[in-house]
Amino acid sequence: MVNLLGKKLIRPELFAAVTTGEDIGKLTVNVTSETDNKPIEGASVRVTYDGQPDRIIEETTTNAEGQIPDIELDAPPIDYSMEPGANKPYAEYTIYISAPGYETMEVSGAEIFSGELAIQNASLLPVSPAAPSGEELFVIPDHTLWGDYPPKIAEDEIKPVDESGEIVLSRVVIPEYVVVHDGPPSDRAAKDYYVKYKDYVKNVASSEIYSTWPESTIQANILAIQSFTLNRVFTEWYRNKGYDFTITSSTAFDHKWIPNRNIFESISSIVDEIFSNYLSRPNVIQPILTQYCDGKNVSCPNWMSQWGSKSLGDRGYSAIEILRNYYGDSIYINSSEVISGVPSSWPGYNLEAGSSGDKVRQMQEQLNVISNSYPLIPKIAADGVFGPKTEEAVKTFQKVFKLAQDGIVGFKTWYKISEIYVGVSRIAEGVAR
């Protein structure tokens with residue numbers, strides 16, 4: 001059996017319902033070095049269908065930017081992800097990534113949805129003399145909307161502020177990293193991971209909701225995830241209980257987070273736009289602990305229902321209308337201007353052709369540092385003048401990192417430049433990884 005692209009299907013019975021070329025998802029892979037965050041050129045990427053590891057579907061290598069061309073892969077019909085049902089809405093693939101001088105990474109269970117671009121980021125460890133043939137294996141469990149996970153244990157959405165030591169921050173700060181305990185709080189053997197805040201949110205959202213859902217639904221769920229997470233950060237919830245982490249990967253206590261799972265472009269793009277936002281109530285400083293449930297296996301009358309939020313998105317509700325439907329009319333979207341781990345915050349206005357000043361010069365200097373690792377981006381004069389060459393460099397940066405290629409440095413592009421600059425220049429090298 002073949003699909004309309006002429007590719008042989010690995011398990012025809014799984015895709016018996018595939019009748020149009022729309023039932024195709026895409027996969028891209030970004031490969032960098034764990035030691036310096038620089039892209040790895042010439043890394044080998046192989047993709048197999050789960051269950052048939054010896055049958056290679058695609059094999060390619062990374063370019064100078066550590067990226068591969070998008071790979072088209074069979075996926076179940078998109079309708080499977082639009083309503084709860086008996087059919088798994090995504091196909092699962094195994095990705096093998098290897099490069100000379102680095103340990104091999106294998107990711108089993110990568111999820112591919114119809115019409116969606118899945119992104120697999122791979123940070124490879126250099127080969128150790130003690131283990132020259134090392135390999136890292138990551139197995140992605142079922143998505144939370146498909147698998148069986150414990151429901152959230154209810155908590156108050158606002159933590160008391162009159163307990164000694166409870167609140168340690170005077171304002172909401174977007175952290176550079178969160179420390180994720182990969183298990184319930186009591187599991188002392190579970191590993192702790194240092195994860196960039198935006199990467200954490202993208203991972204959780206990709207694990208908790210389907211990327212095929214309406215944009216407003218995705219926005220509402222991301223805002224709930226961010227507000228919940230920032231409440232844990234603001235209140236130092238676990239550290240005040242004697243633990244050395246920010247949050248857990250247990251759905252009974254927090255959100256589902258999965259080491260090295262693939263994320264989705266539709267989710268990643270929204271997080272990049274709204275990562276500094278959270279949910280507030282009048283006269284309450286701390287972000288609201290916005291709890292939720294799936295609305296299918298578990299009901300939660302006073303919280304957001306994930307499937308219910310999807311239904312509201314289908315009906316044209318905006319993100320804030322969805323959130324107020326569940327959490328009440330007093331809830332509103334707030335934003336923090338304090339963002340850790342960046343050289344400088346976004347100036348609050350777009351930098352574009354004709355702009356000038358110190359912010360333009362800073363952006364130009366950062367692009368030049370980034371171009372040392374990503375040579376496709378041209379060097380430019382750091383003269384503080386946003387001319388045609390700067391605009392072209394910005395467009396090239398946006399192309400490399402899959403942003404809208406408008407040549408304008410707005411909120412999203414500014415923080416993406418900051419993120420990559422910090423990574424390749426090792427500004428944050430003192431942070432445990």
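Keep in mind that this is a model prediction, so the values were computed, not measured.

The rules behind each value
- Residues numbered from 1 in each chain as written.
- Predicted model: local features only at pLDDT ≥ 70, side-chain atom pairs only at ≥ 80, totals over all residues.
- Heavy atoms only, no water.
- Helix = DSSP H or I, 4+ residues; strand = E, 2+ residues; numbered from the N terminus.
- Rg over C-alpha atoms; globule rule 2.2 N^0.38 Å.
- Buried < 20%, exposed > 50% of the residue type's maximum accessible area, 1.4 Å probe, protein only.
- Contact = heavy atoms within 4.5 Å.
- Pairing = 2+ DSSP bridges.
- Axes fitted to C-alpha atoms, helices over the stretch in contact; angles between N-to-C directions.
- Polar contact = N/O pair within 3.5 Å; in protein donor to acceptor, adjacent residues only side chain to side chain.
- Disulfide = S-S within 2.5 Å.
- Parallel < 35°, antiparallel > 145°, perpendicular 65-115°, else oblique.
- Left-handed = near helix turned anticlockwise from the far one by under 90°.
- Nonpolar A, V, L, I, M, F, W, Y, C, P; charged D, E, K, R; others polar.
- Salt bridge = Lys/Arg side-chain N within 4 Å of Asp/Glu carboxyl O.
- 1 Å grid on protein atoms, 1.4 Å probe; cavity = no way out; pocket = protein on both sides within 12 Å on 5 of 7 lines; lining within 4 Å.
- Points joined across faces, edges and corners; volume = space filled by probe spheres on them.

Attention now moves to the overall build of the protein. When its secondary structure is counted, the protein shows eight helices and 16 strands. Rg of the C-alpha trace for the protein: 22 Å, near the compact-globule value of 22 Å for 433 residues, within the 12% margin. Structurally, the protein occupies a C-alpha span of about 60 × 60 × 50 Å along its principal axes. Expressed as a percentage of its 433 residues, the buried residues of the protein come to 55%. Look at the contacts in the protein between residues 6 or more apart in sequence, and 68% of them connect residues 24 or more apart.

This next bit is on the sheet that holds strand β4 (residues 71–74). Strand pairing in a sheet takes place through backbone hydrogen bonds and is either antiparallel or parallel in direction. An order of β4-β1-β7-β12 is seen for the four strands of this open sheet, with the pairing classed as mixed. A strand with exactly one partner marks an edge of an open sheet, and here the two such strands are β4 and β12 (263–264). With four bridges joining them, strand β1 (residues 24–33) and β4 adopt antiparallel strand pairing. Across the sheet, the residue bridging to Leu 27 is Ile 71, located in β4.

Here we have three strands laid out as an open sheet, ordered β10-β9-β11, and mixed in their pairing. Strand pairing shows two members of the sheet lacking a second neighbour, β10 (192–196) and β11 (247–248), which therefore form its edges. Across the sheet, helix α1 (residues 197–208) is in contact with β9 (177–181), β10 and β11; its angle to β10 comes to roughly 105°.

This paragraph deals with helix α4 (residues 306–314). Working note: α-helix, 3.6 residues per turn, so residues spaced by three or four point in the same direction. Counting buried residues along α4, seven of its nine residues qualify, which places the element largely inside the surrounding structure. Those residues of α4 not exposed but buried are Gln 306, Trp 307, Gly 308, Ser 309, Lys 310, Leu 312 and Gly 313. Considering only its buried residues, α4 is in contact with α1, α2 (215–235), β14 (292–293), β15 (304–305) and α5 (319–327). Its side-chain oxygen at 2.9 Å from the backbone nitrogen of Gly 308, Ser 305 defines the N-terminal cap of α4. With its phi angle positive at about 95°, Gly 316 sits one or two positions after the end of α4.

What follows covers the side chain of Gln 286. Within the secondary structure, Gln 286 is located in the loop between β13 (277–280) and β14. Separated by 2.9 Å, the side chains of Gln 286 and Asn 231 make a polar contact.

For the structure shown, the criterion picks out one disulfide. Disulfide pairing is shown between Cys 293 and Cys 300; the S-S distance is 1.9 Å. Taking the torsion about the S-S bond as the criterion, the Cys 293 to Cys 300 disulfide, at about -85°, is left-handed. Each member of the pair, Cys 293 together with Cys 300, is buried.

Looking now at the side chain of Ser 250. Mapped onto the secondary structure, Ser 250 falls in the loop between β11 and β12. Exposure remark for Ser 250: the relative accessible area of 10% places this residue in the buried category. Residues within four places of Ser 250 in sequence aside, it is in contact with Gly 183, Pro 184 and His 255.

Attention shifts here to the packing of α4 against α5. Contact geometry of α4 with α5 gives a least axis separation of 10 Å together with a crossing angle of 135°. Classified by the angle between their axes, α4 and α5 sit oblique to one another. Here the hand of the crossing between α4 and α5 comes out right-handed. Contacts from Gly 308, Ser 309, Leu 312 and Gly 313 of α4 reach α5 at Ile 322, Asn 325 and Tyr 326. Its residues assigned to classes, the contact of α4 with α5 shows three nonpolar, four polar and no charged.

Moving on: the pattern of salt bridges. Taken as a whole and judged by the stated rule, the model has 16 salt bridges. A salt bridge links Asp 272 to Lys 198; the nearest nitrogen and oxygen atoms lie 3.3 Å apart. Pair noted here: Asp 272 is in helix α3 (residues 265–274) and Lys 198 is in helix α1, with a separation of 74 residues, a long-range link. This pair shows no difference in class: Asp 272 is buried, exactly as Lys 198 is. Across the pair Asp 358 and Arg 361 runs a salt bridge, and its minimum N-O distance is 2.9 Å. Highlighted residues: Asp 358 and Arg 361, both in helix α6 (residues 358–373), separated by three residues, approximately one helical turn. One connected set of salt bridges, linked through shared partners, spans Lys 152, Glu 155, Lys 159, Arg 232 and Asp 254.

For the rest of this paragraph, the subject is empty space enclosed by the protein. A full pass over the atoms with the stated rule returns two cavities of 30 Å³ or more. Forming the walls of the largest cavity are 17 residues, and the residues nearest its centre are Glu 176, Lys 198, Ser 340, Val 342 and Glu 419. Only α1 and α8 (411–425) provide two or more residues apiece to the lining of the largest cavity. Examining the composition of the lining of the largest cavity, we find that five residues originate from one element, α8, more than from any other. A breakdown of the residues in the lining of the largest cavity according to their chemical character gives eight nonpolar, four polar and five charged.

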